[in-house]
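Secondary and tertiary structure notes
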Amino acid sequence: MKYAVPVIPGDGIGHEIIAEGQKVLEAAADKHGFSIDWINYPLGAEHYLKTGELVNEETLRELKKYRAIYLGAIGDPRVEPGILEKGILLRMRFFFDQYINLRPVKLLEGVSTPLKDKRSSDIDFVVVRENTEDFYIGIGSRAKSGRSHADFEVKRALYTIKFGLDIESDSEEIGYQIGELSKEGCCRVIKYAFDLAMKRRKKVSSVDKANVLSDIYGLWREIFLDVAKNYSQVKHDFNFVDAITMWFVKNPEWFDVVVTPNMFGDIITDLGAIIQGGLGLAPGANLNPEGTSMFEPIHGSAPKYKGKNMINPIATIWAGAMLLEHLDQPSAAEDVVNAIERNLKEGKIRTYDLGGRSTTSEVGTEIARLVKTL
Ligand code: IPM
Ligand code: MN
């Protein structure tokens, strides 16, 4: 069996971490009798600065032929913040309609958490972040005082929405951003969360801010309750986003599957990352179960560490395990996670963020070795 997998190393430390991910996935493939053909796509700051191009339609259509993309990190200080992130990363999430952003929050054995008295059995949940809507749709602008008009369009696989906005303002200048959730969009991601909970500890926690942003998140709540009706064995609860940040710290053991709109999901998963030992350990998967999915660490491109061979590759390697699982190689995926955990438990070969002195490539080589010998 042979899989073709596009790889986008991206910017900053992207090349260093993705190389270690590839090393470990190749070891797992070898052990389990399949192989991976990597197809390199040099998207990112370098390509943008040279050509003025972020990612073109043709590339996107080509990438759409594959089930899984392996991504390093996007973002570079030479380019104005947001250009690459929106033009490449969000563009791909939306183009491929990767409506689920799956982010496991699991404290592996051998890792210390900043939470006092919590152990690995206490921190083991999954955040299912909606990944195509909310305040991420890119609809907004600025308007100077007086009258003005703006037209916007949101094009998604599920729908097209047009907004026309007449503005009359006597403020010197305003900035505004429109968030939007759709019934179809909420329904599919909440269903995914309940299906996932059925395979786990059968509890789904919803995140919103329906007490204040009651139109957008009121819809979310209503749909959540509708979906919940079809899963009588699954317990559920509602959490306001401000409160859930507190519960993640105080009682992480309460959570099994957490389902959240896009923006709150972005925020709470950085908190999730730190309680599982740090950004260096937090993987993510952008999933379209029927199409092209994309696997990446949740951390960014950490430009100041570029070329230093010191960043922790584990988040990327773990994201690689999620990629293998997605390609229907669950035992290979399990081997990779076990090898990561063994490496962490042994505690000898680790990067500086975990108090060690080993390099990015030493950690990758060791985990690849463990995959083969476990
Ligand atoms: C993430 C990142 C992205 C996001 C940025 C880089 C666009 O923070 O994957 O969490 O906000 O989703
Ligand atoms: Mn983020």
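Each value, and the rule that gives it
Residues numbered from 1 in each chain as written. Chains lettered and ligands numbered in written order. Predicted model: local features only at pLDDT ≥ 70, side-chain atom pairs only at ≥ 80, totals over all residues. Heavy atoms only, no water. Phe/Tyr/Trp six-rings, centres within 6.5 Å; stacked < 30°, edge-to-face > 60°. Lys NZ or Arg CZ within 6 Å of the ring centre and 35° of its normal. Near = heavy atom within 4 Å. Polar contact = N/O pair within 3.5 Å; in protein donor to acceptor, adjacent residues only side chain to side chain. Areas by Shrake-Rupley, 256 points an atom, 1.4 Å probe, with all protein chains shown as cover. Helix = DSSP H or I, 4+ residues; strand = E, 2+ residues; numbered from the N terminus. Buried < 20%, exposed > 50% of the residue type's maximum accessible area, 1.4 Å probe, protein only. Pairing = 2+ DSSP bridges. Axes fitted to C-alpha atoms, helices over the stretch in contact; angles between N-to-C directions. Parallel < 35°, antiparallel > 145°, perpendicular 65-115°, else oblique. Left-handed = near helix turned anticlockwise from the far one by under 90°. Contact = heavy atoms within 4.5 Å. Expected span 1.5 Å × (residues − 1). Domains from an automatic or database assignment.

1. Topic: the packing of aromatic side chains
- A full pass over the atoms with the stated rule returns 13 aromatic pairs.
- An angle of 45° between the planes, with centres 4.9 Å apart, marks the rings of W247 and W254 as tilted.
- By the ring-pair criterion, three or more aromatic residues cluster together here, those being F194, F224, Y231 and F238.
- A cation over a ring is seen here: R156 above F94, with NZ or CZ 4.1 Å from the ring centre.

2. Details of the site of ligand 1
- Taken together, E85, L89, R93, R103, R129, Y136 and D266 make up the full set of residues adjacent to ligand 1.
- Contact distances for ligand 1 include 2.8 Å between an oxygen atom and a side-chain N or O atom of R129.
- At 2.9 Å from an oxygen atom of ligand 1 is found a side-chain nitrogen or oxygen belonging to D266.
- Computed on the free molecule, ligand 1 has an accessible area of 320 Å², of which 77% lies beneath the protein chains in the complex.
- Top element by residues in the shell around ligand 1 is helix 4 (residues 83-95). It accounts for three residues.

3. Considering the pairing of strand 11 (residues 283-287)
- The buried count for strand 11 comes to five of five residues, which makes it a mostly enclosed element.
- What you see with strand 11 is no split at all: P283, A285 and L287 on one side and G284 and N286 on the other are buried throughout.
- Bridge count between strand 4 (residues 100-106) and strand 11: three bridges; the pairing is antiparallel. Paired with I100 across the two strands is L287, which belongs to strand 11.
- With four bridges joining them, strand 11 and strand 12 (residues 293-297) adopt antiparallel strand pairing. In the strand pairing of strand 12, G284 is matched with E296.

4. Quick word on the packing of helix 10 (residues 330-346) against helix 11 (residues 360-373)
- Their axes nearest at 8 Å, the elements helix 10 and helix 11 cross at an angle of 120°. It follows that helix 10 is oblique to helix 11 by the angle criterion. Pair helix 10 / helix 11 crosses with right-handed handedness. Here D335, V336, A339, I340, R342, N343 and E346 of helix 10 lie close against helix 11, whose contacting residues are V363, E366, I367, L370 and V371.

5. Points about helix 8 (residues 262-275)
- With 14 residues, helix 8 should cover 20 Å at 1.5 Å per step; its first-to-last C-alpha distance of 20 Å lies within 8% of that length.
- Of all the positions in helix 8, only N262, F264, G265, I268, T269, G272, A273 and I275 are classed as buried.
- Just beyond helix 8, the residue with positive phi is G277, at close to 115°.

6. Focus: the sheet that holds strand 8 (residues 203-208)
- With mixed pairing, 10 strands are arranged side by side in an open sheet as 2-1-3-12-11-4-5-10-8-9. Each edge of the open sheet is held by one strand with a lone partner, namely strand 2 (35-40) and strand 9 (235-240). Strand-to-strand twist of the sheet, defined as the mean angle between neighbouring strand axes without regard to direction, takes the value 25°.
- Sheet contacts for helix 1 (residues 14-31): strand 1 (2-10), strand 2, strand 3 (68-73) and strand 12; angle to strand 3, the most-contacted strand, approximately 145°.
- Helix 9 (residues 314-326) rests against strand 1, strand 2, strand 3, strand 4, strand 11 and strand 12 of the sheet, and its axis sits at about 160° to strand 12.

7. What to know about the domain arrangement of the protein chain
- For the protein chain, the assigned domains are domain 1 (1-106 + 279-374), domain 2 (112-133 + 181-260 + 271-275) and domain 3 (137-180).
- Computed from C-alpha atoms alone, the centre-to-centre distance between domain 1 and domain 3 is 35 Å.

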